Amino acid sequence: MRVLVSGGAGYIGSHTVVQLVSAGHDVVIVDDFSNAKPSVVGRLEALTGRSIPVHAFDLADVDKTERFFATEQVDAVIHFAGFKAVGESVAKPLDYYQNNLGTTFSLLRAMERHGVYTLVFSSSATVYGADPELPMTEDLPTSATNPYGWTKVMIEQILRDVAASSERWRIAALRYFNPVGAHPSGQIGEDPSGIPNNLMPFVAQVAVGRREKLSVYGDDYDTPDGTGVRDYIHVDDLAAGHVAALDRISTGDTGMSTWNLGTGKGVSVLEVVRAFEKASGRKIPYEIAPRRPGDIAASYADPSRANADLDWHATKTIDDMCADTWRWQSLNPNGYPDEETAD
Ligand code: WQD
């Protein structure tokens, strides 16, 4: 199929592009590059051996989105585009609601006008709210503790109502746990702008010498070693989950389905630090700091519905995740170049 990947120049989007092409799909990227560097496209073309068409515009722009669908034939959409920093969403709620909902409304209306009814949506385990039952299953109630999380809860509800309005729609909401790692080539990876909010990119920047030390946000949680426990999933496993979900909904029942994409295994902050030291051979200095507001003690998935429905399983271990992250970071100490210079 020809697949529009919105936000396809981003971290998870770019890894999904590679897997879509290797699964035999054609891809077209729409990205406004507000949180991605254009040089990733050259890396994707080198990795896939294909030229990847890219349209640089904001999907919230209704006219540009209409023009895209009027000129480009697509069979399905994987929708990653959106703001995703929890802390920033608390400071700028209007930006988050306007952008994340606005892009989705614009995209859905254009899809409907042009008879494109197959959509995979990038959701998040954050929709399970502040004190979820563990392991998290898809039928748990949804809520949020920050505007970013609420945009995911709201968009899932919008998609449920859209799917219920016409049996043409084929929609999957994929709830990610903690995406980490990088393509084993080391050519693409996570490249957060500014100080990384998330654990793995921060640890990688300490290892490569960009940051002095890690602050461990609390060691007094009710967890085996007192530090926060999360379900880290390799971005390539996550990308494979998108291809599997797309294949399933494009041939299976119409309507909307929701799947957790996680390993089902919880790993603590200190376990990540130790695994990264092993993978990189570098010491990761850290200090215990106060808990981060809004953090929960533990979060991990029950991925059995995705395992069964999609015949998909996370395959990579935390050691694989750290080794691939380290290869990306050590080959690209400052992330993607502002522009790719010919080697
Ligand atoms: C993981 C653990 C921290 C940084 C976030 C979003 C979530 C999703 C994934 C989008 C926690 C600890 C972290 C640091 C630390 N994003 N930590 N020092 O918070 O589980 O999830 O990213 O969908 O919506 O909330 O991920 O990587 O920020 O934190 O000790 O410098 O590492 O306390 O226990 P989180 P994280």
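Remember, predicted model here, so these are calculated numbers, not experimental data.

**Quick word on the overall build of the protein**
Along the backbone of the protein there are 11 helices and 13 strands. Each principal axis of the C-alpha atoms in the protein carries an extent, and together these give about 55 × 50 × 40 Å. Looking at the protein as a whole, 52% of its 343 residues are labelled buried. Contacts spanning at least 24 positions in sequence make up 80% of the contacts within the protein whose residues lie at least 6 apart. Summed over all atoms, the accessible surface of the protein reaches about 14700 Å², with 48% contributed by carbon and sulfur.

**Digging into the packing of aromatic side chains**
Geometrically, a pair of aromatic rings is defined through the distance of the ring centres and the angle of the planes. Applying the stated criterion across every chain, the model contains seven aromatic pairs. When the centroid spacing of 6.2 Å and the interplanar angle of 45° are considered together, the rings of F57 and F68 count as tilted. In this pair, F57 sits in the loop between β3 (54–55) and α3 (62–71) while F68 sits in helix α3, placing the two residues 11 residues apart along the sequence. For the pair shown, F57 and F68 are each scored as buried. Between F276 and W326, the aromatic rings sit 6.2 Å apart at their centres with planes inclined by 85°, giving edge-to-face as the arrangement. Of the two residues, F276 sits in helix α9 (residues 269–280) while W326 sits in helix α11 (residues 318–331), which places them 50 residues apart along the sequence. No difference in accessibility class separates F276 from W326, as the two residues are buried. Pairwise contacts between aromatic rings join F57, F68 and F69 into one cluster. Its guanidinium or amino end placed over the ring of Y221, R291 lies 4.0 Å from that ring's centre, counting from NZ or CZ.

**Let's talk about the UniProt feature "domain: NAD-dependent epimerase/dehydratase" (unreviewed entry) in the protein**
Those places that UniProt annotates as "domain: NAD-dependent epimerase/dehydratase" (unreviewed entry) correspond, in this numbering, to residues 3–262. Segment residues 3–262 splits into 40% helix and 18% strand. End C-alpha atoms: 24 Å apart.

**Things to note about helix α6 (residues 147–165)**
Its 19 residues place the ends of α6 27 Å apart at the C-alpha level, agreeing with the 27 Å of an ideal helix rising 1.5 Å per residue. Along α6, the residues that are buried comprise P147, Y148, G149, T151, K152, V153, I155, E156, L159, V162 and A163. Taken together, the buried residues of α6 touch α4 (86–91), α5 (93–113), β5 (118–124), β6 (170–176) and β11 (255–261).

**Digging into the site of the ligand**
Contacts to the ligand come from 18 residues, most closely from Y148, L199, S215, R230 and D295. One of the side-chain nitrogen or oxygen atoms of Y148 is found 2.5 Å away from an oxygen atom of the ligand. For the ligand, whose accessible area on its own is 690 Å², the fraction buried by protein is 88%. Ranked by the residues each element gives to the shell around the ligand, the list is headed by strand β8 (residues 214–217), at four residues. Tallied by class, the residues present in the shell around the ligand amount to eight nonpolar, seven polar and three charged.

**What about the environment of V18?**
When you line up the elements, V18 lands in helix α1 (residues 11–22). Judged by its relative accessible area of 12%, V18 is buried. As for V18 and L174, which are separated by 156 residues in sequence, their C-alpha atoms are 18 Å apart. Here V18 is in contact with L44, L47, T48, H183 and I188, once residues within four sequence places are set aside.

**Digging into the sheet that holds strand β4 (residues 76–79)**
Here seven strands make up an open sheet; going across it, the order is β3-β2-β1-β4-β5-β6-β11 and the pairing parallel. The open sheet is flanked by β3 and β11, the only strands paired with a single partner. The pairing of β4 with β5 spans three bridges and is classified as parallel. From the neighbouring strand, I78 faces β5, where its bridge partner is V120. Against the sheet, α6 makes contact with β5, β6 and β11, and its axis sits at roughly 155° relative to β5, the strand it touches most.

**Some remarks on the confidence of the model for the protein**
Residues of the protein with pLDDT of at least 70 account for 99%, and the chain-wide mean is 96. Interface confidence in the predicted complex, given as ipTM, is 0.98; pTM for the same model is 0.97.

What counts, and at which threshold
- Residues numbered from 1 in each chain as written.
- Predicted model: local features only at pLDDT ≥ 70, side-chain atom pairs only at ≥ 80, totals over all residues.
- Heavy atoms only, no water.
- Helix = DSSP H or I, 4+ residues; strand = E, 2+ residues; numbered from the N terminus.
- Buried < 20%, exposed > 50% of the residue type's maximum accessible area, 1.4 Å probe, protein only.
- Contact = heavy atoms within 4.5 Å.
- Areas by Shrake-Rupley, 256 points an atom, 1.4 Å probe, with all protein chains shown as cover.
- Phe/Tyr/Trp six-rings, centres within 6.5 Å; stacked < 30°, edge-to-face > 60°.
- Lys NZ or Arg CZ within 6 Å of the ring centre and 35° of its normal.
- UniProt positions renumbered as here; feature names shortened; annotations may be inferred.
- Expected span 1.5 Å × (residues − 1).
- Near = heavy atom within 4 Å.
- Polar contact = N/O pair within 3.5 Å; in protein donor to acceptor, adjacent residues only side chain to side chain.
- Nonpolar A, V, L, I, M, F, W, Y, C, P; charged D, E, K, R; others polar.
- Pairing = 2+ DSSP bridges.
- Axes fitted to C-alpha atoms, helices over the stretch in contact; angles between N-to-C directions.
- pLDDT = per-residue confidence, 0-100.

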